[in-house]
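Descriptive structure summary
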2 protein chains.
Amino acid sequence: MITINFEEQKNSGLCESIYNSIKEQIIQGKLKSMEKLPSKRALAQNLGVSVITVQNAYAQLISEGYIYSIEKKGFFVTDLPLLNRNRFFATLTSASANENLTSSHHDFSNENQHLTSQNDSLNPQDSSASYEAVRSKNTWFADFKNNSISYEKFPFSLWSHTMRQILNSGDEKLLQRSQAKGVPELRAALSRYLQDFRNMNVNPEQIVIGAGTENLYAIIVQLLGREKIYAVENPGYHKAEAVFRLNGVKTVPVNLDREGISITELENSAAQVLHFSPSHHFPTGIVMPVRRRQEILSWAVSEPDSGPLSEMSRSSGSFLAHANPSDNSTKGRFILEDDYDSEFRFNGKPLPTLQSADTNDRVIYINTFSKTLAPSFRISYMVLPPSLVPVFEQKIGFYSCPVSSFEQYTLAGFIEQGHFEKHIIRMKNYYRNLRNNLVGAIQNSTLSKITKIQEKEAGLHFLLQVESDSPRNKLIENLEKYGINLPPLSEYYYGTAPEDIEKTFVVNYSGIKRENIAETVRRLEAALL
Amino acid sequence: MITINFEEQKNSGLCESIYNSIKEQIIQGKLKSMEKLPSKRALAQNLGVSVITVQNAYAQLISEGYIYSIEKKGFFVTDLPLLNRNRFFATLTSASANENLTSSHHDFSNENQHLTSQNDSLNPQDSSASYEAVRSKNTWFADFKNNSISYEKFPFSLWSHTMRQILNSGDEKLLQRSQAKGVPELRAALSRYLQDFRNMNVNPEQIVIGAGTENLYAIIVQLLGREKIYAVENPGYHKAEAVFRLNGVKTVPVNLDREGISITELENSAAQVLHFSPSHHFPTGIVMPVRRRQEILSWAVSEPDSGPLSEMSRSSGSFLAHANPSDNSTKGRFILEDDYDSEFRFNGKPLPTLQSADTNDRVIYINTFSKTLAPSFRISYMVLPPSLVPVFEQKIGFYSCPVSSFEQYTLAGFIEQGHFEKHIIRMKNYYRNLRNNLVGAIQNSTLSKITKIQEKEAGLHFLLQVESDSPRNKLIENLEKYGINLPPLSEYYYGTAPEDIEKTFVVNYSGIKRENIAETVRRLEAALL
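Residues numbered from 1 in each chain as written. Chains lettered and ligands numbered in written order. Predicted model: local features only at pLDDT ≥ 70, side-chain atom pairs only at ≥ 80, totals over all residues. Heavy atoms only, no water.

**A word on the overall build of chain A**
When its secondary structure is counted, chain A shows 21 helices and 15 strands. Counting across all 529 residues of chain A, residues that qualify as buried make up 58%. Across chain A, every contact between residues at least 6 apart in sequence was considered, and the portion connecting residues at least 24 apart equals 73%. Summing over all exposed atoms, chain A offers an accessible surface of approximately 21600 Å²; the carbon and sulfur share of this is 50%. (Helix = DSSP H or I, 4+ residues; strand = E, 2+ residues; numbered from the N terminus. Buried < 20%, exposed > 50% of the residue type's maximum accessible area, 1.4 Å probe, protein only. Contact = heavy atoms within 4.5 Å. Areas by Shrake-Rupley, 256 points an atom, 1.4 Å probe, with all protein chains shown as cover.)

Here you go:
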């Protein structure tokens, strides 16, 4: 809602008064980012001024970058990261009653500055800091890096309804800690879902609920032992590598070829555990062909673990005599199959999971609700091979499941009542249209001359290869200037990235608003051409 | 609700028909554990039979253990762990569409058996298995070990109302992943709560939200580094020790004296981190006096870390030059102050926290909502010393907070609107009455001759010292026979427990129903006398 203060009218023209009022309301956050302004005609009528007066005020606001126009759509408030960030911290500090007491010797307001400077650090341990630094720029006009979904895309009323059903059920289970694997109802619902959607035969007892995949990675390290070496894909999802490393295991990046992770490099890496996403590699989008999948499965059984534990067992018969027999189940190699966005493959069915083809209890399947519901849901799950189930119970069984029982039962109900499946179908259509619109807008723009789109068949991201004489850093600088967060593919490499992908970018489009596509493409043109 | 099948009437007497119907409904779970049956008179009237017929049926059911009577209260369905367990697994397996496919070669129904046998294992690594084994006996008449709260004690409608407010707010933040420390609103609410309740001056930026204390322990290990040795209290909360150990650090139990953890033993332990509960030790109930607290704080600053990292720094100037300056913040000794039940101290104010007295950035304060709301809430928090805040951001900042944003915002609203404080006051009264009733019932029974109650002033547990000629194992066997889960204090010791506490038990009474106290004391008499 817009209110115009006519007090100032006496000292300045009508036009300036309108301009000042709107600008002030944007700065104060009363007009929100991306909020649509009234049409020139409507505002003029409302204020009893001429259309040309409003038009001049809007023109001035556009030229100063406070608002922008979209043809045939109207005028919108610009997303202003810096303004928003200041507001964010203002809220934070004013919220704290104790601010003055503690901030006297500890300056928290410099936190972001500190973090950004971490990016330049020479210490290799600091690589994880870059996530925070990037994320702290929390408002972009178009963010192609961080996942988020629009408010109207989440089925709030259905979720709220299911939650109330659960809360009103009068069941004391709601207040009890749930066993380490999670509540049986959710595991049973997931077992049926995996059967229907992924054609996987999974006993609910094999399923473990976790608070996000980060939490599951930590549990896997505790389950398989800390002495194994973990292979991660290069390029790949750096966060997984960082979590494994923070949990005290050695990690080793293994290069991809055109079919995904290279078997030769994997064999040479000395790794005993492989984390990867065969159904849709992030960020290259490679779908691993069947032959390579079989080779990976063979890798997992081809050589026993040569870690300290098994060496100990070999050299000492007496150790084995006292060891728990189930310790054997964690010996050897393992595959962590991260199936993070298989729900959003648009053409044809996804390839069967490795988990389904695994007859040797080598595959741990992992999936999450971050993409299918929202990143704010911290619910993930893994499917253990049957022989690891008793090991889990023995080692990890004393934990409580880290997801609240309310949410576990609500999600179980949400799946059982068919809401989840319908939501997936709806979101799949939404994302397909979003992708088609974005790809279409790029292809119909001048970008078509200097860009090539790769791997756009599956999932929520694709690659954009840019031909340009400008150096990459200049392109990135331009993109940032236009409020576009478009990460270069090279950012996902460990060590030096190959030269031929220097100007390839990762387009993770799920968080883009459809109404912003035209303006986004205009900004891309301005930044890249 | 009871329905009686009169079809069988022709072949058997009325009494047997009533007996069979009720028994069948108990076995099928249609009549639930602890459910109250209609009075003899009411049922007789309802069925059109004589009171004596119903009385005979009830008498038979009592003699077979299906129901029990409480004087002046009526008849109740017995809690039958084995029956319930079978039902539990029946649900699980029938819920799985794939049961036959996977269970053909993996027999999950033997899981419990497997776990119980783990208790006899010689491998010291298996100690954690005992938790699962005990917990799998999930229905006791009176469970003095596991925390739980009655359904009617949780403010469901207020919670549900706050949740709906949040879901209806239309804020896109609800769908975004929250930063590693948790959402600012909840941290601000907790900062104010700690000020009001615990007189602690804490900047919201120091607060980290976790998914239960288990999750925070894991984060602390990642924050402080895996090379430190962690001291835990002996006797103490074994779960903390098990979590630290599973996260790859060395743990060392340190003995208590009458004032809590022994400084001499702590000094001799080589530990650099101490986990303890000075406000109310679990399970002895010791409240650490001020002088000892000061000694603990002095211990934390008295000697620098002699771990590998600092040795490296000392021997090599060039390492320091490249190291991040904030690495210094994790050097030296640390205190993890676990304030798990300070809200339920009944007499007087709790002693100030160590966190408040810490001027050297050595104390990490930890608390949880498991006791104040319900164990099914997986929300905990810790307060970092200011110098660890940037270290956290740098090392851990790339994580997502493992608690769902819905619940974080709901809890923030619940606290801000004053519901939480009122709930604490209500629960404190409830627990005070519960404790007084239980203690009174014990003192007014024949137990008074053979038992002594220790440390009953604070918190949700006290000790019961039993004088008996029977060996301890015989007492425990009797207690189990009567459906009482009453853990011996010795269970909380690492290694051999002192002889004088051999027959002392830990009475963790928060999950006991008030209406069951009379019957519980009767069963305690029967088991212990």
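**Things to note about the sheet that holds strand β12 (residues 451–454) of chain A**
Residues and elements named next belong to chain A. Taken in spatial order, the three strands line up as β12-β13-β15 in an open sheet, and their pairing is antiparallel. Of all the strands in the sheet, just β12 and β15 (504–508) have a single pairing partner and so form its edges. Averaged over all adjacent pairs, the angle separating strand axes in this sheet is 25°, with direction ignored. Across four bridges, the pairing between β12 and strand β13 (residues 461–466) is antiparallel. Its bridge partner lying in β13, T451 is registered against V466. (Pairing = 2+ DSSP bridges. Axes fitted to C-alpha atoms, helices over the stretch in contact; angles between N-to-C directions.)

**Brief notes about the pairing of strand β1 (residues 67–70) of chain A**
Residue and element names in this part refer to chain A. Here four bridges tie β1 to strand β2 (residues 74–77), and the two strands are oriented antiparallel to one another. From the neighbouring strand, I70 faces β2, where its bridge partner is G74. Between β1 and the antiparallel strand that follows it, β2, lie three residues; K72 among them carries a positive phi value of about 65°.

**What about helix α8 (residues 156–167) of chain A?**
For α8 of chain A, with 12 residues, the first-to-last C-alpha span of 16 Å sits near the 16 Å given by 1.5 Å per residue. For α8 of chain A, every residue scored as buried is listed here: F156, W159, S160, T162, M163, I166 and L167 of chain A. Along the axis of α8 of chain A, the buried positions cluster into a sector of 165°, meaning they face one direction only. Next to the buried residues of α8 of chain A lie α18 (405–416) and α19 (419–443) of chain A together with α8 (156–167) and α18 (405–416) of chain B. (Expected span 1.5 Å × (residues − 1). Arc of directions from axis to C-beta.)

**Remarks on helix α1 (residues 14–27) of chain B**
Between the first and last C-alpha of α1 of chain B there are 20 Å, a value that for 14 residues agrees with the 20 Å anticipated at 1.5 Å per step. S17, I18, Y19, S21, I22, Q25 and I26 of chain B are the residues of α1 of chain B that are buried.

**Here's the deal with the packing of aromatic side chains**
Counted according to the given criterion, the structure contains 50 aromatic pairs over all chains. Taken together, a centroid distance of 5.3 Å and an interplanar angle of 65° make the contact between Y193 of chain A and F420 of chain A edge-to-face. You can see Y193 of chain A sitting in helix α9 (residues 184–198) and its partner F420 of chain A sitting in helix α19, a full 227 residues away along the chain. Neither Y193 of chain A nor F420 of chain A differs from the other in exposure class; each is buried. An aromatic cluster of three or more residues is present, and its members are F154, F156, W159, F377 and F414 of chain A together with F406 of chain B. Lying over the aromatic face of F141 of chain A, R523 of chain A brings its terminal NZ or CZ to 3.9 Å of the ring centre. (Phe/Tyr/Trp six-rings, centres within 6.5 Å; stacked < 30°, edge-to-face > 60°. Lys NZ or Arg CZ within 6 Å of the ring centre and 35° of its normal.)

**Describing the sheet that holds strand β10 (residues 363–368) of chain B**
Residues and elements named next belong to chain B. What the eight strands build is an open sheet, ordered β4-β11-β10-β9-β8-β5-β6-β7; its pairing is mixed. Of all the strands in the sheet, just β4 (207–210) and β7 (260–261) have a single pairing partner and so form its edges. In this fold helix α9 (residues 184–198) packs onto β4, β10 and β11 (380–383), with an angle of close to 110° to the strand it touches most, β4.

**Description of the side chain of S262 of chain A**
Residue and element names in this part refer to chain A. Looking at the element boundaries, S262 is found in the loop between β7 (260–261) and α12 (263–268). Within the local environment of S262, its side chain forms a polar contact with the backbone nitrogen of E265, the two atoms lying 3.1 Å apart. Excluding residues within four positions of it along the chain, S262 makes contact with V254, N255, L256, D257 and R292. (Polar contact = N/O pair within 3.5 Å; in protein donor to acceptor, adjacent residues only side chain to side chain.)

**Considerations on the nonpolar core**
With 149 residues, the main nonpolar core has Y509 of chain A together with Y509 of chain B as its most contacted residues. When sequence neighbours within four positions are dropped, the list of residues in contact with Y509 of chain B reads F144, F346, Y431, L434, R435, L438, G459, L460, H461 and F462 of chain B. In terms of nonpolar packing, the next biggest core, distinct from the first, is built from 64 residues, L336 of chain A together with Y230, L336 and V391 of chain B among them. (Core = buried A, V, L, I, M, F, W, Y, C linked by side-chain atoms within 4.5 Å.)

**Some words on unusual backbone geometry**
P235 of chain A follows N234 of chain A through a cis peptide bond whose omega is 0°. Among the secondary structure elements, P235 of chain A is positioned in the loop between β5 (229–234) and α11 (238–246). Of note, the bond from F282 of chain B into P283 of chain B is cis; its omega dihedral lies within 30 degrees of zero at 5°. Residue placement: P283 of chain B occurs in the loop between β8 (273–276) and α13 (290–302). Phi is positive for N199 of chain B, close to 55°, though the residue is something other than glycine. With respect to the helices, strands and loops of the structure, N199 of chain B is situated in the loop between α9 and β4. Note on N199 of chain B: relative accessible area 59%, which makes it exposed.

**A short note on the environment of E233 of chain A**
Residue and element names in this part refer to chain A. Tracing the backbone through its elements, the reader meets E233 in strand β5. Taking the C-alpha atoms as reference points, E233 and F282, 49 residues apart in sequence, are found 8.9 Å from one another. With residues near it in sequence (within four places) discarded, E233 still touches V254, L256, I261, H275, F276, S277, H281 and Y494.

**Here's the deal with the packing of helix α10 (residues 213–224) of chain A against helix α17 (residues 388–395) of chain A**
To characterise two packed helices, one gives the angle between the axes of the helices and the distance between these axes. Residues and elements named next belong to chain A. Where α10 contacts α17, the axes come no closer than 10 Å and their chain directions differ by 95°. Regarding the angle of α10 to α17, the classification is roughly perpendicular. Taken together, the residues of α17 that come into contact with α10 (itself represented by I219, Q222, L223 and L224) are L388, V391, F392 and K395. A per-class count over the contact of α10 with α17 returns six nonpolar, one polar and one charged. (Parallel < 35°, antiparallel > 145°, perpendicular 65-115°, else oblique. Nonpolar A, V, L, I, M, F, W, Y, C, P; charged D, E, K, R; others polar.)

Everything listed here is a matter of geometry and, on its own, says nothing about what the molecule does.
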